[in-house]
Amino acid sequence: MIRDVRSKNPVLKILLAIGGWNHGSDNFTRMVATQSNIDASNSMTFIRGNGFDGLDLDWEYPANRGSPPEDKQRFTQLVETLRTKYDNEVLTSGRSRLLLTAAVAAGKSTIESAYEINKIAQHLDFINLMSYDLFSDYNSVTQHNSPLYKSLVPYDAFNVDFVINMWLNRGTSKHKLILGVATYGRSFILRDTIQTGFDAPTNGAWTPGSFTKEKGFLSYYEICSNINNQGWTEGWLDEQQVPYAYTGDQWVGYDNTRSVTIKVRYNQDLKHIFLINQNQILID
Ligand SMILES: *[C@@H]1O[C@H](CO)[C@@H](O)[C@H](O)[C@H]1NC(C)=O
C-alpha cells in the first residue's frame, strides 16, 4: 500500500500516527511515567520496517482526560527523547532523518494545561493543529465548530484565528504550524423553528447521518445532499466567515468551498501550511 502510493509520488512523506480521541490518555501516561518506558528504538524499528517517514504523536491530551498534570512536562520529555534518538539514528542508518510531528489541541484551557509550547515546538517538524470541534455543547445554542474569526456573541477563544495566534505567540514558528480544516459539520436540534441562525437555542445533537452514522456529525457530502435534494436552507455567518444550513428543527455548521478558500487565503497570508482533515472535500 505505502509502496503503491510512493510510486505515484516519490517525494511524499507518510507518517505513522499513534493516538486519537478514542485511544485516550491512559497508555501514553503509562509510557511517559518513567524515562526507561520510552522505547524509541522500538518505534524506529516499526517505522523503518514498514516504510514510514516518521511519527505523528496524537495524544489527546497530555495532562487531560485522566492524565495527571505532570504529563505536561513528561510529554516534552517524550518529544525530546524521540527527537534525539531519531537524530542519532541518521548517523548510522545513512537514511533521511525521521520526521516527528504532533496533532495538538485547539481549546484554550487544554492548550494551557497540556503543552510547554516553546519547548516542544523546537523539536517537532510540524504541529498539526486540530482547529475544529471547538464547540460541541449540544444543549445550549447553535455554534460553529470551526469558525475562522470570533462572533459578536462572546465566545472569544473559540475560533481558528485565536488558536493560531496562541500557538504562534507562545513560540511556534509559522512554517511549522499546520491549520486543520474539517470536512464535516456538527449538527444540532433547534428548540424552535423561528430562531435558525447562530446562537439559537438548541436541544441536543441531531441524529446520525445516513452514511457516517455518528450522532451530532454530518459529512460534507451528506450536507450537500441535504441542500441539493432535501431543500435545506443555507446561511452564512459574516463575522465568523463560515456557512451553516438548516431545515425544520435541524441545524448544521460546517465548511464549504467558500469558507475553505477563505481559510486557505488566511493561511497563505500567514505562511502556514494547510491540511484537510478526514474525508475529501469536493472542490467544484
Ligand atoms: C493500552 O495498552 C494495553 C496493554 O498493552 C492494550 O491491551 C490496550 O488495547 C491499549 N489501549 C488502547 C486504547 O490502545
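Residues numbered from 1 in each chain as written. Predicted model: local features only at pLDDT ≥ 70, side-chain atom pairs only at ≥ 80, totals over all residues. Heavy atoms only, no water.

Labelled according to an unreviewed UniProt entry, the chain appears under the name E3.2.1.14, originating from Mytilus coruscus. Note on the chain: under the UniProt heading Sequence similarities (unreviewed entry), the record states "Belongs to the glycosyl hydrolase 18 family." (UniProt positions renumbered as here; feature names shortened; annotations may be inferred.)

Secondary structure assignment for the chain yields 9 helices and 12 strands. Rg of the C-alpha trace for the chain: 20 Å, near the compact-globule value of 19 Å for 284 residues, within the 12% margin. Each of the three principal axes of the chain carries a C-alpha extent, and together these read 65 × 45 × 35 Å. Of all 284 residues assigned to the chain, the portion counted as buried reaches 50%. Approximately 13900 Å² of the chain is accessible, and the part contributed by carbon and sulfur atoms is 50%. Computed over 27 positive and 30 negative side-chain charges, the separation of the two mean positions in the chain equals 7 Å. (Helix = DSSP H or I, 4+ residues; strand = E, 2+ residues; numbered from the N terminus. Rg over C-alpha atoms; globule rule 2.2 N^0.38 Å. Buried < 20%, exposed > 50% of the residue type's maximum accessible area, 1.4 Å probe, protein only. Areas by Shrake-Rupley, 256 points an atom, 1.4 Å probe, with all protein chains shown as cover. Lys, Arg positive; Asp, Glu negative; His and termini not counted. Charge placed at Lys NZ, Arg CZ, Asp CG, Glu CD.)

Going through the model one piece at a time under the given rule, you end up with 11 salt bridges. Notably, a salt bridge pairs K108 with E112, separated by 3.6 Å at the nearest N-O pair. With K108 and E112 both in helix 5 (residues 108–114), this residue pair falls 4 residues apart, about one helical turn. The salt bridge partner of E112 is R170, with a shortest N-O separation of 3.5 Å. Note that E112 is positioned in helix 5 and R170 in the loop between helix 7 (160–169) and strand 5 (177–182), a separation of 58 residues in sequence. Through salt bridges with shared partners, a single ionic network connects R83, D87, R97 and D125. (Salt bridge = Lys/Arg side-chain N within 4 Å of Asp/Glu carboxyl O.)

Attention now goes to the pairing of strand 10 (residues 242–247). Within strand 10, 5 of the 6 residues are buried, which leaves it mostly tucked inside the rest of the structure. As paired elements, strand 9 (residues 233–237) and strand 10 share 5 bridges and run antiparallel to each other. What sits directly across from G235, in strand 10, is Y244. What sits between strand 9 and strand 10 in their antiparallel hairpin is a turn of 4 residues, with Q241 showing a positive phi close to 65°. Connecting strand 10 to the next strand, strand 11 (residues 250–253), in antiparallel fashion are 2 residues, including G248 with a positive phi near 50°. (Pairing = 2+ DSSP bridges.)

The subject of this paragraph is the nonpolar core. Judged by nonpolar contacts, the single largest core of 63 residues is most densely connected at L57, F75, Y115, I164 and W167. The biggest single contributor to this core is helix 7, with 6 residues. With 8 residues, the next largest nonpolar core counts L218, I227, V252 and Y254 among its residues. (Core = buried A, V, L, I, M, F, W, Y, C linked by side-chain atoms within 4.5 Å.)

Assigned domains within the chain: domain 1 (2–182 + 256–276) and domain 2 (185–253). If you look at the interface, domain 1 gives 27 residues, while domain 2 gives 27 residues. When domain 1 packs against domain 2, the two sides together hide about 2300 Å² of surface, and 59% of this comes from carbon and sulfur. Ranking the residues of domain 1 by area buried against domain 2 places Y138, T142 and H144 at the top, with a combined share of 35%. Between domain 1 and domain 2 we count 1 salt bridge in total. Notably, a salt bridge pairs R186 with D133, separated by 2.7 Å at the nearest N-O pair. Taken together, the links from domain 1 to domain 2 amount to 8 residue pairs in polar contact (both at pLDDT 80 or more). Taken together, the residues that form the side of domain 1 that touches domain 2 break down as 10 nonpolar, 12 polar and 5 charged. (Domains from an automatic or database assignment. Contact = heavy atoms within 4.5 Å. Buried area = accessible area lost by both parts, 1.4 Å probe. Polar contact = N/O pair within 3.5 Å; in protein donor to acceptor, adjacent residues only side chain to side chain. Nonpolar A, V, L, I, M, F, W, Y, C, P; charged D, E, K, R; others polar.)

Our next topic: the packing of helix 3 (residues 40–49) against helix 4 (residues 71–93). Following both chains from N to C, one finds helix 3 and helix 4 inclined at 55°, their axes separated by 10 Å at the closest point. Between helix 3 and helix 4, the angle is such that the two are oblique. Helix 4 is crossed by helix 3, and the crossing has right-handed handedness. On helix 4, the residues that touch A40, S43, M44, I47 and R48 of helix 3 are L82, K85, Y86, E89 and S93. The class makeup of the residues in the contact of helix 3 with helix 4 is 5 nonpolar, 2 polar and 3 charged. (Axes fitted to C-alpha atoms, helices over the stretch in contact; angles between N-to-C directions. Parallel < 35°, antiparallel > 145°, perpendicular 65-115°, else oblique. Left-handed = near helix turned anticlockwise from the far one by under 90°.)

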